[in-house]
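The primary structure of each chain is shown beneath.
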Amino acid sequence: MAHMIIAGKACQAISGQTLEVRSPVDGLVFEHIPRGDAKDIDAAVRAARAALSGEWGNLSATERGRLMMKLSFLVTEHAEELALLEARDTGKPMTTARNDMVVLARYFEFFGGAADKVHGEVIPFLNGYQVNLLREPLGVTAHIIPWNYPAQMMGRSIAPALAMGNAVVVKPAEDACLSCLRIAELALLAGFPAGALNIVSGIGEEAGAALANHPDINFISFTGSNEVGVLIQQAAAKHAVKCTLELGGKSPHLVFEDANLELAATTVVRGIIQNTGQTCTAGSRLLVQQSIYDRFVALVAEKFKQVRVGTPEMNLDCGPVVNPSQQQRVNRFIEQAKAAGYPVLAQGQIDPGVPAAGYYVTPTLFGHVPNDSPLAQQEVFGPVLAAMSFTDEAHAIALANGTDYGLLAAVWSENGGTQQRVAKALKCGQVFINSFGAGGGVELPFGGVKRSGHGREKGFLALEEMSTTKTVVQFHG
Ligand code: ADP
């Protein structure tokens, strides 16, 4: 039985209630987690508040950084155990799960290293004055984590917060949180003082809502659906606290006729099947210049047909999706697109050896998808790629920007002018030129515009998000 960590102690929910954990691999219950609720959240927030005025709050930035480095080493030491847990919980192939743990360790390394390198400023002011701009922690920060990359997302969210000296309360996703609970244990082992890192497992509407609405938190970091993102922002507004929202995307590849087609095709396929399409940054729209459309989509289709779906141990390209409702959602998009008459250009294959009760879906590539269709506008969160053509640069940009989302985009062209003009015109938080995705990209500021959310994670900008400033004005004559 897994446990939560509150005030430096492993514990069950105060109510004693638990939730079953089913593996998407075979649909079977293989573990139980505490069903934390408002009472447990309150205990966690109190513990975090106490930590700020206790041992944790008194550590120097260097000491905080060292603890984070230690946690990074512990993650690396326990990487195989964590990867097995993550693979069982989410269904992802072992190679992906192992890579996730490399990125998790990197989050604690990067932000641990940065902890004592962020400093305030001295501001020139009137004669006779000294003005110092201090950079300080926000206080108690709340972190609501999604299920697609539980360990990575927890690292991404809490590492900059801890580096800046905040005390954190984590609410991982009920669908997959075992790695998160284990990371909190490892943090204790690393020597984090009681209350610096608290974690409460439970249901979104119970524990998640209780955390977001708690009157004594100072910040909310949320990654998840649009619907819940709106609730989080409303909760943050109630107590006038800041939040960052990362709400997914409908990220396009823009493939121009002068692109390196072989490289682009390989990357496009990888960019949609990664984590079985359950990635906020999935490249789910493929915009191809008309003059090369047939040739290029044929190349993509050839590669797409090679995609294999299996269990984590089979270690193929994709695993199952996380739960039955996600499976139904993906299949519904596929059926609707077929019914609408969009041609299926290629499908991957589910290995015949997978357990029948697992949540597997067939990766599918559709051609000639209109940009105003549900498949081109809505986030499927599955391995489904929608291809469409464009005539010229202006048309490509209009299509690319023509959704409510704005998270990521890729420009494929060998022409420097095209690359720069298009990158500047795209409305999104990251643009890749002749590449896509960054294998973690811990150093690279990340986040969306429009309905993809706001605020920046990763890189040094995350340290700014997770801290505040104080201007100290002194008259010395
Ligand atoms: P998905 O729809 O992809 O499962 P969600 O946005 O529902 O994504 O979940 C992301 C995270 O938000 C999870 O940790 C979940 O428990 C949490 N969550 C869900 N509903 C709420 C809510 N009403 N308030 C706060 N957190 C929530």
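The present account deals with the structure reproduced in this document. (Residues numbered from 1 in each chain as written. Predicted model: local features only at pLDDT ≥ 70, side-chain atom pairs only at ≥ 80, totals over all residues. Heavy atoms only, no water.)

The next subject is the site of the ligand. Taken together, 17 residues lie near the ligand, and Ile-145, Trp-147, Lys-171, Glu-174 and Ser-225 sit nearest. Backbone polar atom of Gly-204 to an oxygen atom of the ligand: 3.4 Å apart, as the coordinates give it. Expressed as a share of its isolated accessible area of 550 Å², the protein-covered part of the ligand is 81%. Here the shell around the ligand is composed, by residue class, of 10 nonpolar, 5 polar and 2 charged. (Near = heavy atom within 4 Å. Polar contact = N/O pair within 3.5 Å; in protein donor to acceptor, adjacent residues only side chain to side chain. Areas by Shrake-Rupley, 256 points an atom, 1.4 Å probe, with all protein chains shown as cover. Nonpolar A, V, L, I, M, F, W, Y, C, P; charged D, E, K, R; others polar.)

With that settled, the discussion passes to the pattern of salt bridges. Note that side chains of opposite charge can pair when their charged atoms are close. Tallied over the full model, the rule gives 20 salt bridges. Arg-182 serves as the salt-bridge partner of Glu-81, at 2.4 Å between the closest nitrogen and oxygen. Linking Glu-81 in helix 4 (residues 79-90) with Arg-182 in helix 7 (residues 178-190), this pair joins segments that are 101 residues apart in sequence. Given a relative accessible area of 32%, Glu-81 falls into the partly exposed group. A salt bridge links Glu-109 to Arg-106, with the shortest nitrogen-to-oxygen separation between them at 2.8 Å. One end of the pair, Glu-109, and the other, Arg-106, are both in helix 5 (residues 94-114), 3 residues apart, so they sit about a helical turn from each other. Taking the relative accessible area as the measure of exposure, Arg-106 reaches 27% and is therefore partly exposed. One continuous salt-bridge network, built from bridges that share partners, spans Glu-81, Arg-182 and Glu-185. (Salt bridge = Lys/Arg side-chain N within 4 Å of Asp/Glu carboxyl O. Helix = DSSP H or I, 4+ residues; strand = E, 2+ residues; numbered from the N terminus. Buried < 20%, exposed > 50% of the residue type's maximum accessible area, 1.4 Å probe, protein only.)

Here we come to the pairing of strand 11 (residues 242-246). One face of the sheet, then the other: side chains in a regular strand alternate in exactly this way. Counting buried residues along strand 11, 4 of its 5 residues qualify, which places the element largely inside the surrounding structure. When strand 10 (residues 219-223) meets strand 11, the two strands line up parallel, connected through 5 bridges. By the bridge assignment, Phe-222 is partnered in strand 11 with Leu-245. A crossover links strand 10 with its parallel partner strand 11, the connecting element being helix 9 (residues 226-238), and its sense is right-handed. Both strand 11 and strand 21 (residues 453-454) contribute to a ladder of 2 bridges, which runs antiparallel. In the sheet register, Glu-246 faces strand 21, and the bridge partner there is Gly-453. (Pairing = 2+ DSSP bridges. Right-handed = clockwise from strand over helix to strand, strands pointing away.)

What follows is about the environment of Leu-181. Here Leu-181 is to be found in helix 7. Given the relative accessible area of 3%, Leu-181 is considered buried. Sequence separation between Leu-181 and His-3 is 178 residues, and the spatial gap between their C-alpha atoms is 6.8 Å. Other than its neighbours up to four places away in sequence, Leu-181 contacts Ala-2, His-3, Met-4, Ile-33, Ile-199 and Ser-201. (Contact = heavy atoms within 4.5 Å.)

Here we come to helix 15 (residues 416-425). Among all positions in helix 15, only Thr-418, Gln-419 and Val-422 are buried. The buried residues of helix 15 occupy an angular sector of 100 degrees when projected down its axis, which confines them to one face. For helix 15, the elements touching its buried residues are strand 12 (251-255), helix 14 (393-400), strand 19 (408-412) and strand 20 (430-433). Measuring from the backbone nitrogen of Gly-417 back to the side-chain oxygen at the start of helix 15 gives 2.7 Å, which picks out Asn-415 as the cap. (Arc of directions from axis to C-beta.)

Note that every value here comes from positions in space, so none of it alone points to a role or purpose.
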